[in-house]
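Descriptive analysis of the structure
Listed below, chain by chain, are the residues.
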Amino acid sequence: MDIPIDSEKTLEVIERMKLAKIGNYKKWKIIIKKIKNEEPLNPGELEYYTNLTRIYKDSAISSRSKIYHTKLSELDEKPPCISCGKNSDFYCNMNDQYFCTVHVVGHDENEF
């Protein structure tokens, strides 16, 4: 049995992701359209959404403790690394910054 998503909460989260330029704008647009039209999301769209937002179909927030870095996909915008200016490979949700592979580890004193 599938538990339906909380459409209002899901759309709010996606809009925040778009404003923060996290993820692929075209993918978000497709997902928003499907949610508004009450169409089911395909497995790829659900995976994309959950990987970036950590919110699942029942809209319960999961605190994947100790996981602060999201690897950017080929389709994600890659702003410059905050440390060296090269293309970033990771987004750090602890301090809302982007890092390359070299600088992602050890940039935060709260890291384990």
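Residues numbered from 1 in each chain as written. Predicted model: local features only at pLDDT ≥ 70, side-chain atom pairs only at ≥ 80, totals over all residues. Heavy atoms only, no water.

A few words now on the state of the cysteines. By definition, a disulfide is the covalent link that joins the sulfur atoms of two cysteine residues. The full count for this structure, using the stated rule, is 0 disulfides. Not part of a disulfide, Cys84 finds its nearest cysteine sulfur in Cys100, a span of 3.8 Å. Between Cys100, a free cysteine, and Cys81, which holds the nearest cysteine sulfur, the sulfur-to-sulfur gap is 3.8 Å. A relative accessible area of 7% places Cys100 in the buried class. (Disulfide = S-S within 2.5 Å. Buried < 20%, exposed > 50% of the residue type's maximum accessible area, 1.4 Å probe, protein only.)

As a further point, take the sheet that holds strand E3 (residues 97–99). If you trace the 3 strands from one edge of the open sheet to the other, you get E1-E2-E3, paired in antiparallel fashion. Looking at which strands have only one partner, the edges of the open sheet turn out to be strand E1 (69–71) and E3. Across the sheet, the mean angle from the axis of one strand to that of its neighbour is 30°, orientation sign disregarded. Pairing of E1 with strand E2 (residues 90–92), which is carried by 3 bridges, proceeds in the antiparallel orientation. Its bridge partner lying in E2, Thr70 is registered against Tyr91. (Pairing = 2+ DSSP bridges. Helix = DSSP H or I, 4+ residues; strand = E, 2+ residues; numbered from the N terminus. Axes fitted to C-alpha atoms, helices over the stretch in contact; angles between N-to-C directions.)

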